[in-house]
Amino acid sequence: MALIELRGVSRHYELGGSTVRALDAVDLDIEAGDYVAIMGASGSGKSTMMNLLGCLDVPSSGRFTLDGVDVGEMGPDELARLRREHFGFVFQRYHLLPYLDAVDNVALPAVYAGTLGEQRRARAQQLLQRLGLGERGGHRPNELSGGQQQRVSIARALMNGGRIILADEPTGALDTASGEALLQLLAQLHQDGHTIILVTHDPKVAEHAQRVVRLQDGRILSDQRRTPFAPAARAQLPAAAPLRRGLQALGRWALQARESLRSAVDALNGNRLRTLLSTLGISIGIAAVVSIVAISSAARDHIEKNLQGLFSGKLMVFSDDAKLPPGAKTRKFTPQDLHALGGLPGVRRIEVERSSQGSARVARKDATVSIQGNSERLSDKGLYEIVEGRVFTPTDQTGGAQTVVIDDTLRQKLFPNVAQVVGRTLLLETTQLPNPRTGQVSAIGLPVTVIGVVKSISDSSISFGGDSPVYVPMSTYLRKFNADLDAYFFTVILDNKQSPQAMEQQVRYRLRALHGQEDFRIWNAQKEFEKIQSVTGALAAMLAGVAAIALLVGGVGVMNIMLVSVSERTREIGIRMAIGARQSDVRLQFLIEAVLLCLLGGLLGLGLSWLIVLGIGAAQEQLKPTLSLQAVLVASAVACAIGLLFGTLPARRAARLSPVDALARE
Ligand code: ADP
Ligand code: MG
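Residues numbered from 1 in each chain as written. Chains lettered and ligands numbered in written order. Predicted model: local features only at pLDDT ≥ 70, side-chain atom pairs only at ≥ 80, totals over all residues. Heavy atoms only, no water.

- An unreviewed UniProt entry lists the protein under the name ABC transporter permease, from Roseateles rivi.
- A UniProt comment under Subcellular location (unreviewed entry) is attached to the protein, and it reads "Cell inner membrane". (UniProt positions renumbered as here; feature names shortened; annotations may be inferred.)

Next comes the structure, spelled out in structure tokens:
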């Protein structure tokens, strides 16, 4: 049984309705160790024959066996395995990869065979040494002469063993001397036991072979043995690098991934401007999403800090007749009502809102103020900061002391040049409240002594109207200003651990029982706060959604550039396939390139959003957005996912190229 047997092998091309018979029912046997030249005019079918013999293509009909195994039935990956394990290709135009140096070009077939890096490079170096290129290992193809490049390509053909060497017009691009040297080299390889199949149109070249097969119009015209068949005395092949057959699938995948990563970096590095431009869409998309999320979460934090302190843990209760039958009247909240509610478990205290407009006077200065009787709130840490003196104690509240706590804006107005205001006296006046006994509205003046100055921590425009508040003890307020004991409005301060929703129910039941009707309305600040939060959340989500669309557009841009890259590098893909890359290897390579491109875009985008966040933080006081580690990780993962998503189509397109078509592409 011959090494190669063709029986009635045809290769037809359908071209515009007519059939081109590039090979027409060819029978041919080639023994192991033979040296065959295939000759013929242009268009006679030489290349077609070569592609079939090299398992780059399969016959349209007929039977092709290699070592007795039928090749016609094999799938792309099995053909790739045959090319890897049995063949070494030498092309007219060398077909080296321009961005790899000589050693890496030679070593490439072993990547697909799963040989580890160290062994690979050692063997490549050894082969180059043997071919007289020991000093040239670190040179790239454009730094080598044509003859040197062709020797590098022969070394590559020998990398995995190169039992059968297929050379298509190997001297076609060389000068006479280099061509002659190359033919000597092939003769030497034949001596060493390699089977050589050479395609040429040059009779002088064909003279080096032992046997000459002439083709015409896809048929064998003559088959002439020039010297008696004599397989090399030592039919012994130079040992191929030990293949890691035991390498687990995962290990092989990791090796492939690492090599793909390297060549992806090389490819992207080779065209930096384009790489940068094509990542722009992704960068902008990532920067937009990340900064919007950072800013909106900073805004939420801000709202939480400022509003929640003011409103959370409180229920506000108003007189309201909305739920009453027609004609029924609301009742004010009596001290008894408030006392009963104050006794509910989970209620810390009841605050009655008591305030009236008035003025504060000292010497010749005066200011309009809002006189506040609900001075218990001053003890709420987080709302007020004591800048001087102290605030009221529980004894102050009930004792009716004529003392006052003022805020720092009023202090500036009334005591601009006074170092120490505690102990000073001022006169509070109000005219608004009618005397409940006489019904007369008369001005009431009350001299009070300052015991402290506070500063409101949250924005004062949120807490009160324009006038500066002054605080007096509740008992003093009620007695001195003849205020009505009943209230239209009060606030329930809850214990921290209580659910505002549950407490709202409790207060509602109790108050309804006390009043016999629901003549009030409860405003649950927590609920309102959550509403605000969900609105700001939805707004941020919407903005982020818009930014995500930018991200998708960026992904489409990457897909576009990857498709261009695939068509530009079609021949490279063909070369990789010829030396044994599986479809999955090619797919992985382009997928990794797309992911790398997107990841690069993602990192640029993160850098950009970091600048945005810094800028916003520096430009104003209120919001201090930050980039969280989580944001960085999620953004990187999203960028990778986009690379996978949009790299799939170009990678598949690359992997599905037929090796013959890919190699033929200029
Ligand atoms: P040679 O290498 O001897 O010049 P080829 O094997 O390239 O000849 O081509 C043999 C014949 O097949 C030619 O007529 C050529 O036009 C045709 N042929 C080769 N490849 C294709 C193809 N992919 N599609 C259509 N026709 C082709
Ligand atoms: Mg040809």
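1. Comments concerning the site of ligand 1
Step number 1: Close to ligand 1 lie Tyr13, Leu15, Val20, Ala22, Ala41, Ser42, Gly43, Ser44, Gly45, Lys46, Ser47 and Thr48, which account for all nearby residues.
Step number 2: Within the backbone of Ser44, a nitrogen or oxygen atom sits 3.2 Å from an oxygen atom of ligand 1.
Step number 3: The contact in question runs from an oxygen atom of ligand 1 to an N or O atom on the side chain of Ser47, over 2.8 Å.
Step number 4: Surface burial for ligand 1 is 64%, taken as the share of its 550 Å² of free accessible area covered by protein chains.
Step number 5: If you list the elements that add at least two residues to the shell around ligand 1, you get β1 (4-15), β2 (18-30) and α1 (46-53).
Step number 6: Ranked by residue count, the leading element in the shell around ligand 1 is α1, at 3 residues.
Step number 7: Of the residues contributing to the shell around ligand 1, the split by class is 5 nonpolar, 6 polar and 1 charged. (Near = heavy atom within 4 Å. Polar contact = N/O pair within 3.5 Å; in protein donor to acceptor, adjacent residues only side chain to side chain. Areas by Shrake-Rupley, 256 points an atom, 1.4 Å probe, with all protein chains shown as cover. Helix = DSSP H or I, 4+ residues; strand = E, 2+ residues; numbered from the N terminus. Nonpolar A, V, L, I, M, F, W, Y, C, P; charged D, E, K, R; others polar.)

2. Points about the domain arrangement of the protein
Step number 1: Here the domain parsing of the protein yields domain 1 (4-246), domain 2 (266-304 + 531-664) and domain 3 (314-524).
Step number 2: Computed from C-alpha coordinates alone, the two centres of domain 2 and domain 3 are separated by 57 Å. (Domains from an automatic or database assignment.)

3. Quick look at the packing of helix α4 (residues 117-130) against helix α5 (residues 146-158)
Step number 1: Remark: α4 packs on α5, axes separated minimally by 9 Å, with the N-to-C direction vectors making an angle of 130°. In terms of axis orientation, α4 runs oblique to α5. Where α4 crosses over α5, the two elements pack in a sense that is right-handed. Here Arg123, Leu127, Leu128 and Arg130 of α4 come into contact with α5, specifically with Val152, Ala155 and Leu158.
Step number 2: Here the contact of α4 with α5 is composed, by residue class, of 5 nonpolar, no polar and 2 charged. (Axes fitted to C-alpha atoms, helices over the stretch in contact; angles between N-to-C directions. Parallel < 35°, antiparallel > 145°, perpendicular 65-115°, else oblique. Left-handed = near helix turned anticlockwise from the far one by under 90°. Contact = heavy atoms within 4.5 Å.)

4. Describing the side chain of Thr279
Step number 1: Examined against the element boundaries, Thr279 turns out to sit in the loop between α9 (272-278) and α10 (280-311).
Step number 2: Engagement of the side chain of Thr279 in a polar contact is seen with the backbone oxygen of Leu276, the distance being 2.7 Å.
Step number 3: Residues contacting Thr279, with those up to four places away along its chain left out, are Leu597, Leu600, Gly601 and Leu604.

5. Considering the confidence of the model for the protein
Detail in the predicted coordinates should be disregarded across regions flagged by low pLDDT.
Step number 1: Taken over all residues, the pLDDT of the protein has a mean of 86, while the share at 70 or more is 91%.
Step number 2: Contacts from residues 460-464, a stretch scored under 50 in pLDDT, to residues over four places away or in other chains number 9 contacts. (pLDDT = per-residue confidence, 0-100.)

6. Things to note about the sheet that holds β2
Step number 1: Taken together, the 4 strands give an open sheet; going across it, the order is β2-β1-β4-β5, and neighbouring strands pair in antiparallel fashion. Edge positions in the open sheet fall to β2 and β5 (69-70), since each of these has one partner strand only.
Step number 2: Where β1 lies against strand β4 (residues 61-66), 5 bridges are found, and the strand directions are antiparallel. Note on β4: the bridge partner recorded for Leu6 is Phe64. (Pairing = 2+ DSSP bridges.)

7. Quick word on the sheet that holds strand β10 (residues 219-225)
Step number 1: Spatially, β6-β7-β8-β3-β9-β10 is the arrangement adopted by the 6 strands of the open sheet, whose pairing is mixed. With one partner strand each, in any of the chains shown, β6 (87-90) and β10 form the two edges of the open sheet. The average undirected angle you get between the axes of adjacent strands in this sheet is 15°.
Step number 2: Pairing of strand β9 (residues 211-216) with β10 involves 6 bridges; the strand directions are antiparallel. Within the sheet, the bridge partner assigned to Val213 lies in β10 and is Asp223.
Step number 3: Set on the sheet, helix α2 (residues 76-86) makes contact with β6 and β7 (164-168); between it and β6 the angle comes to about 80°.

8. Description of the packing of aromatic side chains
The way to describe two aromatic rings as a pair is by their centre distance and the angle between their planes.
Step number 1: Within the structure shown, the criterion is met by 4 aromatic pairs.
Step number 2: When the ring of Phe333 is compared with that of Phe490, the centres are 4.9 Å apart and the planes differ by 85°; the resulting orientation is edge-to-face. Placement of the pair is Phe333 in the loop between β11 (314-319) and α11 (335-342) and Phe490 in strand β20 (residues 489-494), with a sequence separation of 157 residues. Here Phe333 and Phe490 have matching classes, each one buried.
Step number 3: Three or more aromatic residues joined by ring pairs make a cluster, and in this case those are Phe87, Phe89 and Phe91. (Phe/Tyr/Trp six-rings, centres within 6.5 Å; stacked < 30°, edge-to-face > 60°. Buried < 20%, exposed > 50% of the residue type's maximum accessible area, 1.4 Å probe, protein only.)

9. Brief notes about the pattern of salt bridges
Side-chain pairs of opposite charge can arise where the charged atoms are in close proximity.
Step number 1: Applying the stated rule across the entire model yields 30 salt bridges.
Step number 2: Among the ionic pairs, Arg361 bridges to Glu429, the shortest N-O distance being 3.3 Å. Here Glu429 lies in strand β17 (residues 425-430) and Arg361 lies in strand β13 (residues 355-362), a separation of 68 residues in the sequence.
Step number 3: Given the relative accessible area of 36%, Arg361 is considered partly exposed.
Step number 4: Residues joined by salt bridges that share partners form a network here, namely Asp104, Arg120, Arg121, Glu259 and Arg262. (Salt bridge = Lys/Arg side-chain N within 4 Å of Asp/Glu carboxyl O.)

10. Considering unusual backbone geometry
Step number 1: Backbone geometry places Ala25, a non-glycine residue, at a positive phi of 45°.
Step number 2: The topology assignment puts Ala25 in strand β2.
Step number 3: With relative accessibility at 41%, the residue Ala25 sits in the partly exposed group.
Step number 4: Located in the positive-phi region is Cys55, a residue other than glycine, with phi close to 60°.
Step number 5: Tracing the backbone shows Cys55 in the loop between α1 and β4.

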